[in-house]
Amino acid sequence: GQAASWNPELVEKAAAVAAREARSVGVDWTFAPMVDIARDPRWGRIAESLGEDPFLASRLSAAMVRGFQGSNLSASDRIAACAKHFAGYGACEGGRDYNSAEISPSLMRNVYLPPFHAAVDAGVATLMTSFNAVNGVPGSANKHLLREVLRNEWEFRGFVVSDWESIREMIAHGYCRNEKEAALAAVRAGVNMEMVSHTYRDSLPSLIKNGELSEASLDSLVAGVLRVKLLLGLFEHPYVENLHPEFLQADDLQIARQLATQSVVLLKNERNILPLNKSKLRRLAVIGPLADAKRDQLGTWAADGRPSDSRTPRGALRESAPPGLEVLFAPGLSDDLDEKTSAFSEAVAAARKADVVLLFVGEGADLSGEARSRAMLDLPGAQSALVDAIAATGKPIVLIVEAGRPLTIAPHIAKVNAVLYSFHAGTMAGPALADLIWGIESPSGKLPVTFPKVVGQIPLYYNHMSTGRPPRPYEFPQDSAIDERIHLDLGNNSNYIDIGPYPLFPFGYGLSYTTFQYGHAELSTTELRPGETVTVQIPVTNTGKRLGTAVVQLYIRDATSEMVRPVRELKGFQRIPIAPGETKIARFRLSRNSFTYFDVHERKVVPPGRFDIYIGGDSTAPKVGELAVDK
């Protein structure tokens, strides 16, 4: 959800609020940010991630580290951050949590490592190893990643903590025979601290005594932990003075509201039904199990979250409705997993009375996060039947989806007039959605992950490699309905003959209450030489009648290279507020580093040749120019 804002500055502010509140009650270390690249929405922990793109995730990773830690880690309002899970956890096979992954060296370098490198460059104090095995090596025993890359190459000086019992779990992996071997493997890899299990405590003394481990090796690991504790000022100020802080401060709630607002993505807005016009409404029906679900809107990993703090859409819409506008509420289902249809009649009756229906569906908090992998991504419980029942009334419907992951909502999109995708928007989700529904704010959220039509398309991500037989464009109906026919005329190309190769919504997609037109792009040079940079600028005009924020995205493609490269790669983005009729210039500066990649030998190379440049509002942006990069 935060990644959908494409706003590093605001994400940094939110992390700073979390840090201040946490430190004030004695918490000085957080297991965040989670920066695993996630390309498979079946994986429940995609809800915690920053999406599928290494460039966007890197920007947000660094922002969260800065927000948590600030410039002085010992300050009373800062905490130590922990980038996790190092590395490649998001590539777990089949989206099944804790499962193994096979990642080539170049893929690891080009896709999965950049967000961690960005966190290290931002000064992150700690990293956490992954549960799973990558290329046959468990994360807590990976000498190459932990010592050669992290310590030697990136010069990381913080400490590494194992994930929950992940050192002992190397026995179950079949990598170690017993706890002593597991402890030795983790120490040799460079894991400073063990979480939960006791292999270090129980085995390290004997390993030192019998000469398998030197005291100097142990001292080195301990020194890493002590260094972070010194930076946190824990020896000078070991106790927290203010144990009863005032949470939910007005300024902090405003940041939460702003971030929630910018995280919501408008996916459909037929005939501009949104924003709703209060003056033309007499009755508004609020329907669905997630319209008033205080706990669910907090999302995963909110174990100590207080549902009583949540302001829900139902409450916010009632508070913001003008006198004379009746807000009807009928959930239809008790929660997202409810399969009973007995309350449908009440929901249908409310819909029939209303001028417009706001239908809240999706996944509750318990379906997202760790150990919450799903084989099917449709609406759980009887929610699909509820959508059908409300759609049968013929009333205008705005579908609001709250979920931690992309869901396969194509069949439902065709039956409603507008769709807002809210993810789990936190404490202030209600006021944020109300602001968008009434038009106080205009949607600016952009998808940080690709949305598949059906599960069978997964893995599906925008920055895939091209094949020798790329798919031929095949257009599905404009209403986003699934075309279930078999198409035998697509050619011998990389297609699914029953669903096509293209997603329901591409990475970077998101509508606004206004429209933007992109003008002619200009490049400061068409030939980039060593030591130089190129400036790319393009005029963007608000052609609608409302103020809106254009999230301008720049992508590149390496036309020819020694390795097959992605069809698109995000290399820049800007959030630009633009008034109706106004034109602003988006400017991007690209250095030679923007065009580099790691080859199969993990060498960073700058491939000479031609690069295509694309600029627009999502990853399907049109080509705007070419650039030659000299050797």
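All values derive from a computational prediction rather than experimental measurement.

S.K.: Help me out: how do you make sense of the overall build of the protein in this one?
M.R.: Looking only at helices and strands, one finds 15 helices and 22 strands in the protein. Rg of the C-alpha trace for the protein: 25 Å, near the compact-globule value of 25 Å for 631 residues, within the 12% margin. Projected onto its principal axes, the C-alpha positions of the protein cover 80 × 60 × 45 Å. Put simply, the protein has 631 residues, and 55% of those count as buried. Summing over all exposed atoms, the protein offers an accessible surface of approximately 26,600 Å²; the carbon and sulfur share of this is 50%.

S.K.: I would appreciate a short explanation of the sheet that holds strand β14 (residues 527-528) in the present structure.
M.R.: What holds strands together in a sheet is hydrogen bonding between their backbones, with the strands either parallel or antiparallel. Taken in spatial order, the 5 strands of this open sheet run β14-β22-β21-β16-β17, and their pairing is mixed. Lying at the two open borders of the sheet, with one neighbouring strand each, are β14 and β17 (569-578). With 2 bridges connecting them, β14 and strand β22 (residues 623-629) associate as parallel partners. The residue of β22 that forms the bridge with L528 is V629.

S.K.: I tried to follow the side chain of S594 on my own but got confused; where do I start?
M.R.: Mapped onto the elements, S594 comes out in the loop between β18 (583-591) and β19 (597-598). Given the relative accessible area of 16%, S594 is considered buried. Setting aside its immediate chain neighbours within four residues, S594 contacts I556 and K571.

S.K.: Hey, could you run me through the nonpolar core in this one?
M.R.: Within soluble globular proteins, side chains that are nonpolar tend to cluster in buried spots. In terms of nonpolar packing, the biggest core is built from 69 residues, with F86, V124, L127 and L150 touching the most fellow members. In terms of residue count, the dominant contributor to this core is helix α7 (residues 179-189) (7 residues). If we skip the residues at most four places from it in the chain, V124 touches V65, Q69, A81, C82, A83, A119 and F156. Counting residues in hydrophobic clusters, the runner-up holds 48 residues, among them W43, C92, I287 and L386.

S.K.: Explain the pairing of strand β6 (residues 265-269) to me, please; I cannot follow it from the model alone.
M.R.: Within a regular strand, the side chains alternate between the two sheet faces. Where burial is concerned, most of β6 is hidden: 5 out of the 5 residues are buried. Relative to strand β11 (residues 418-421), β6 runs antiparallel, the two being bridged by 4 bridges. Paired with K268 across the bridge in β11 is V419.

S.K.: Hey, could you run me through helix α15 (residues 429-438) in this one?
M.R.: Note on helix geometry: an α-helix contains 3.6 residues per turn, so any two residues three or four positions apart are oriented the same way. For α15, the buried fraction is high: 10 of the 10 residues fall into the buried class. Regarding α15, the residues found buried are A429, G430, P431, A432, L433, A434, D435, L436, I437 and W438. Looking at the buried positions of α15, the neighbouring elements they touch are α10 (250-263), β7 (283-287), α11 (313-320), β9 (356-362), β10 (397-402) and β11. Note on α15: the residue one or two positions beyond its end, G439, has a positive phi of about 85°.

S.K.: Looking at this structure, I do not really get the packing of helix α3 (residues 105-112) against helix α4 (residues 114-121). What am I missing?
M.R.: Packed helix pairs are specified by the crossing angle of their axes together with the interaxial distance, meaning the distance between the axes. Packing of α3 against α4 leaves a shortest axis separation of 6 Å and a crossing angle of 50°. In terms of axis orientation, α3 runs oblique to α4. On α4, the residues touching M108, R109, N110, V111 and Y112 of α3 are P114, P115 and F116. Residue composition of the contact of α3 with α4, by class: 6 nonpolar, 1 polar and 1 charged.

S.K.: Just checking my understanding: could you explain the pattern of salt bridges for this structure?
M.R.: Any two side chains of opposite charge can pair, so long as their charged atoms come close to each other. Counted according to the given criterion, the structure contains 30 salt bridges. With its nearest N and O atoms 2.5 Å apart, the salt bridge here joins E165 to R168. For R168, a relative accessible area of 30% puts it in the partly exposed group. Connected via shared salt-bridge partners are E363, R374, D378 and R405.

S.K.: Could you clarify how one ought to interpret helix α2 (residues 54-69) in this entry?
M.R.: If you check α2, its first and last C-alpha atoms are 22 Å apart, about what 16 residues at 1.5 Å a residue would give, namely 22 Å. For α2, the buried fraction is high: 13 of the 16 residues fall into the buried class. The backbone nitrogen of F55 lies 3.0 Å from a side-chain oxygen of the residue at the head of α2, namely D53. G70 sits one or two positions beyond α2 and adopts a positive phi of about 60°.

S.K.: What is the right way to look at the sheet that holds strand β8 (residues 326-330) in this model?
M.R.: The sheet built from 6 strands is open, its strands ordered β6-β11-β10-β9-β7-β8 with mixed pairing. Edge positions in the open sheet fall to β6 and β8, since each of these has one partner strand only. Sheet twist, expressed as the average angle between the axes of neighbouring strands with direction ignored, equals 15°. In this structure, β9 lies alongside β10, joined through 6 bridges in parallel fashion. Its bridge partner lying in β10, G362 is registered against E402. Where α11 meets the sheet, its contacts fall on β7, β8, β9 and β10, and the angle it forms with β8 comes to roughly 165°.

S.K.: Where do I start with a nonpolar patch on the surface in this structure?
M.R.: A cluster of nonpolar residues, V222, L226, L230 and F235, forms a patch on the protein surface that exposes about 370 Å² of accessible area. Along the polypeptide, F235 turns up in the loop between α9 (215-231) and α10. Classification of F235 by relative accessible area gives exposed; the value is 51%.

S.K.: I keep staring at the packing of aromatic side chains and nothing clicks. Help me out?
M.R.: Throughout the structure, instances matching the rule amount to 16 aromatic pairs. Judged by centre distance (4.8 Å) and plane angle (85°), the rings of Y421 and F451 are edge-to-face. In this pair, Y421 is assigned in strand β11 and F451 in the loop between α15 and β12 (516-518), connecting sequence segments 30 residues apart. The burial state of Y421 is the same as that of F451; both residues are buried. Geometry around Y461 places R39 over its ring, the cationic atom sitting 3.7 Å from the centre. Sitting above the plane of the Y614 ring, R568 keeps its charged end 3.6 Å from the centroid.

S.K.: It is not clear to me how the pairing of β8 should be interpreted in this structure. Could you clarify?
M.R.: When β7 meets β8, the two strands line up parallel, connected through 5 bridges. Note on β8: the bridge partner recorded for L284 is V327. Following the backbone out of β7, through α11 and into the adjacent parallel β8, one traces a crossover that is right-handed.

Rules of the game
- Residue positions are given per chain, counted from 1 along the sequence in the order it is written.
- The predicted nature of this model means local features are confined to residues of pLDDT at least 70 and side-chain atom pairs, given and counted, to a pLDDT of 80 or more, with totals for whole chains, interfaces and linings taken over all residues.
- No hydrogens and no water enter the side-chain calculation; it runs on all heavy atoms of the structure.
- The way it works is that DSSP assigns letters per residue, a run of H or I at least four long becomes a helix, a run of E at least two long becomes a strand, and they are numbered from the N terminus.
- Radius of gyration here uses only the C-alpha atoms, and the compact-globule reference equals 2.2 Å multiplied by the residue count raised to the power 0.38.
- Three labels apply to residues, based on accessible area from a 1.4 Å probe with only protein chains included: buried if under 20% of the type maximum, exposed if over 50%, partly exposed otherwise in between.
- Here the open area of atoms and residues is found with the Shrake-Rupley method and a 1.4 Å probe, where only the protein chains shown may cover a residue.
- Two strands are said to pair when DSSP picks up at least two bridges between them.
- The contact definition used throughout considers only heavy atoms, calling two residues in contact when any of these lie within 4.5 Å.
- The definition of a nonpolar core used throughout is a set of buried Ala, Val, Leu, Ile, Met, Phe, Trp, Tyr and Cys residues joined through side-chain atoms within 4.5 Å.
- Structural elements are reduced to axes, namely lines fitted to C-alpha atoms, with helices fitted over the stretch in contact, and the angle between N-to-C directions of any two is expressed from 0 to 180 degrees.
- When describing relative orientation, an angle under 35 degrees is termed roughly parallel and one over 145 degrees roughly antiparallel, while 65 to 115 degrees is termed roughly perpendicular and anything else oblique.
- Side-chain classes follow a simple rule in which Ala, Val, Leu, Ile, Met, Phe, Trp, Tyr, Cys and Pro form the nonpolar group, Asp, Glu, Lys and Arg form the charged group, and the remainder, Gly included, forms the polar group.
- Salt bridge criterion: a side-chain nitrogen from Lys or Arg within 4 Å of a carboxyl oxygen from Asp or Glu.
- In a helix, the anticipated span is given by 1.5 Å times the number of residues less one.
- Two N or O atoms count as a polar contact when they lie within 3.5 Å, although within protein this holds only if one can serve as hydrogen donor and the other as acceptor, and sequence-adjacent residues are included solely when both atoms are side-chain atoms.
- Patch definition: residues above 30% relative accessible area lacking any salt bridge, with like charges linked at up to 9 Å and the nonpolar side chains Val, Leu, Ile, Met, Phe, Trp and Tyr linked at up to 5 Å.
- Classification of ring pairs rests on two measures: the distance between centres of Phe, Tyr or Trp rings, Trp counted by its six-membered ring, which must be within 6.5 Å, and the angle between planes, read as stacked under 30 degrees, edge-to-face over 60 and tilted in between.
- Note on criteria: charge over ring means Lys NZ or Arg CZ within 6 Å of the ring centre, with the direction from the centre no more than 35 degrees off the ring normal.
- By convention a crossover is right-handed if, when the strands point away from the viewer, the path from the first strand over the helix to the second runs clockwise.

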